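Structural features, examined
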Amino acid sequence: MSKVKLYGESLPNMPWQERPANVKNAPLWRYTENPVIKRNPVPGVARIFNSAVVPVDGAYVGVFRGEQVNGVPFIYFGRSKNGIDWDINPDKIQFVDEDGKPFMPQYAYDPRFVKVEDTYYAIWCQDFYGAAIGMAKTKDFKTFTRIENPFLPFNRNAVLFPRKVNGNFMMLSRPSDSGHTPFGDIFVSESPDMKYWGCHRHVMGRGTEWWEGLKIGGGAAPIETSEGWLLFYHGVAGTCNGYVYSIGGAILDRDEPSRVKYRCENFLLTPEEWYEERGFVPNVTFPCATLCDADTGRIAIYYGAADTYVAMAFTTVDDVVSYIKENSVTTDADTEIGKR
Ligand code: BMA
């Protein structure tokens, strides 16, 4: 039983490895068999990375960023019994619009997948006169019904909360430019109906620390704990040799998620292994999903590695929350309500 309460379901069969003896001080440890999805995983798809999974009926399903052999990314669907070995459908997801007509974005990438009430929502980046957020919902993983774009361009990173807060759906996002964006803060927006979004609040800005000094963006769906919403996000350093993407951690107020309670000044994980340092884009660790077991406090993080692979890392709610709290540095822009 963990000291920090993790709200959610029991997942006794979730992927898991105990902390290795040689990882003493780090808050996360990598799966020893990484990467879990390797190159050329499906005919016509060169790389799968930055992808998201959810538990369903004792097994797992996921939405995957599949970079086709012509370089264009689309969203693919997959299933797994154990959360590690994935059977990915070779045909990209064919969305329908709310009238049931086929819908296919020009491209689609970095999907998140979040269950809210009885519906699963996929959220990704697509073209809408520039990079913007696309969304779809499903209940059966057969029909994915596109929901109209929640936000104006440009925005490439959106993450839904797993439940309503104060009666409204909540979504984190990171307004940007349409390119490789050398700036960016995380905001939160509310919606009563998943259609109209407003009450925008600033959550947190790029960090004062070098590893996240250029920009930040949402990662996995926030995890509800007794300390607040545990958020794994990405932070980017701009080096003379390109961007470096690390995984960061923060804890948001449960009732007012635009207030950051704790924010870890250290990265939780940064590119160190060959599959993180070497690939289509070197030096990228990009979290998009977690699996959690409310009984034990175990957390598995799925992250994209070097824009080429899917990798996993583990922690427990006690380990990661205490690490974030012990190393927390917040600014006024973090702790304020974020309304001007
Ligand atoms: C970001 C996004 C991610 C990608 C990262 C590193 O801007 O496009 O999909 O993983 O860059 O290339």
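Structure: above.
Quick summary incoming for the structure in this document. (Residues numbered from 1 in each chain as written. Predicted model: local features only at pLDDT ≥ 70, side-chain atom pairs only at ≥ 80, totals over all residues. Heavy atoms only, no water.)

1. Focus on the overall build of the protein chain
When its secondary structure is counted, the protein chain shows three helices and 23 strands. Taking 2.2 N^0.38 as the reference for a compact globule, 340 residues should give roughly 20 Å; the C-alpha atoms of the protein chain span a radius of gyration of 18 Å, in line with that estimate. When the backbone C-alpha atoms are referred to their principal axes, the protein chain occupies close to 50 × 45 × 45 Å. Counting contacts in the protein chain only where the partners sit at least 6 residues apart, residues at least 24 apart contribute 55% of the total. Here the protein chain displays about 14,300 Å² of accessible surface, and carbon together with sulfur accounts for 49% of that area. Computed over 36 positive and 42 negative side-chain charges, the inter-centroid distance for the protein chain is 2 Å. (Helix = DSSP H or I, 4+ residues; strand = E, 2+ residues; numbered from the N terminus. Rg over C-alpha atoms; globule rule 2.2 N^0.38 Å. Contact = heavy atoms within 4.5 Å. Areas by Shrake-Rupley, 256 points an atom, 1.4 Å probe, with all protein chains shown as cover. Lys, Arg positive; Asp, Glu negative; His and termini not counted. Charge placed at Lys NZ, Arg CZ, Asp CG, Glu CD.)

2. Some points on the sheet that holds strand β3 (residues 59–68)
Each strand in a sheet pairs with its neighbour through backbone hydrogen bonds, running either in the same direction (parallel) or in the opposite one (antiparallel). Ordered by their spatial adjacency, four strands build an open sheet running β2-β3-β4-β5, and the pairing between neighbours is antiparallel. The open sheet terminates on both sides in strands that have one partner only, identified here as β2 (45–56) and β5 (87–88). (Pairing = 2+ DSSP bridges.)

3. Comments concerning the pattern of salt bridges
Scanning the model with the defined rule gives 15 salt bridges in all. With a closest N to O distance of 3.0 Å, E67 and R65 form a salt bridge. Across this residue pair, the class does not change: E67 and R65 are buried. A salt bridge links R259 to E256, with the shortest nitrogen-to-oxygen separation between them at 2.8 Å. Looking at R259, the relative accessible area reads 30%, which means it is partly exposed. The network of salt bridges with shared partners includes R47, R65, E67 and D110. (Salt bridge = Lys/Arg side-chain N within 4 Å of Asp/Glu carboxyl O. Buried < 20%, exposed > 50% of the residue type's maximum accessible area, 1.4 Å probe, protein only.)

4. Observations concerning the side chain of Q68
One can find Q68 in strand β3. Its relative accessible area of 13% is what places Q68 among the buried residues. A polar side-chain atom of Q68 sits 3.5 Å from a polar atom in the side chain of Y76. Each residue touching Q68, except ones within four places of it in the same chain, is listed here: G44, V45, A46, F74, Y76 and K92. (Polar contact = N/O pair within 3.5 Å; in protein donor to acceptor, adjacent residues only side chain to side chain.)

5. Some thoughts on unusual backbone geometry
N34 connects to P35 through a cis peptide bond whose omega is -5°. Its identity as a non-glycine residue notwithstanding, C199 has a phi of 45°, on the positive side. Within the element layout of this structure, C199 appears in strand β15 (residues 198–204). Overall, the relative accessible area of 45% leaves C199 in the partly exposed class.

6. Regarding the environment of I147
Mapped onto the secondary structure, I147 falls in strand β11 (residues 145–147). Sequence separation between I147 and M194 is 47 residues; the distance between their C-alpha atoms is 8.3 Å. In contact with I147, other than residues within four places in its own chain, are E98, Y121, M135, A136, K137 and M194.

7. Overview of the site of the ligand
Lining the immediate environment of the ligand, one finds N50, R65, Y109, D110, R156, Y245, V281, V284, F286 and D307. A distance of 2.7 Å is found between an oxygen atom of the ligand and a side-chain nitrogen or oxygen belonging to R65. Residue Y245 places a side-chain N or O atom 3.0 Å away from an oxygen atom belonging to the ligand. Bound to the protein, the ligand loses 87% of the 310 Å² it would expose on its own. By residue class, the composition of the shell around the ligand is five nonpolar, one polar and four charged. (Near = heavy atom within 4 Å. Nonpolar A, V, L, I, M, F, W, Y, C, P; charged D, E, K, R; others polar.)

8. Details of the packing of aromatic side chains
Following the criterion strictly, the structure yields 21 aromatic pairs and no others. For the pair F95 and W124, a centre-to-centre distance of 4.7 Å together with 25° between the ring planes defines the contact as stacked. On the criterion of sequence distance, the pair formed by F95 in strand β6 (residues 95–96) and W124 in strand β9 (residues 119–127) is long-range, its members being 29 residues apart. With relative accessibility at 2%, the residue F95 sits in the buried group. On the numbers, 6.2 Å between centres and 35° between planes, the contact of W211 with Y233 is tilted. Of the two residues, W211 sits in the loop between β15 and β16 (215–218) while Y233 sits in strand β18 (residues 228–239), which places them 22 residues apart along the sequence. Given the relative accessible area of 9%, W211 is considered buried. Classification of Y233 as buried rests on a relative accessible area of 0%. Site record: aromatic cluster; members linked through ring pairs are F77, F95, F113, Y120, W124, F141 and F144. Sitting above the plane of the F280 ring, R47 keeps its charged end 3.8 Å from the centroid. (Phe/Tyr/Trp six-rings, centres within 6.5 Å; stacked < 30°, edge-to-face > 60°. Lys NZ or Arg CZ within 6 Å of the ring centre and 35° of its normal.)

9. A short note on the sheet that holds strand β14 (residues 186–191)
With respect to topology, four strands assemble into an open sheet ordered β12-β13-β14-β15, the strand pairing being antiparallel. A strand with exactly one partner marks an edge of an open sheet, and here the two such strands are β12 (155–160) and β15. Averaged over neighbouring strand pairs, the angle between their axes works out to 30° when direction is ignored. Summarising the sheet, β14 and β15 pair through four bridges and their orientation is antiparallel. Paired with F187 across the bridge in β15 is H202. (Axes fitted to C-alpha atoms, helices over the stretch in contact; angles between N-to-C directions.)

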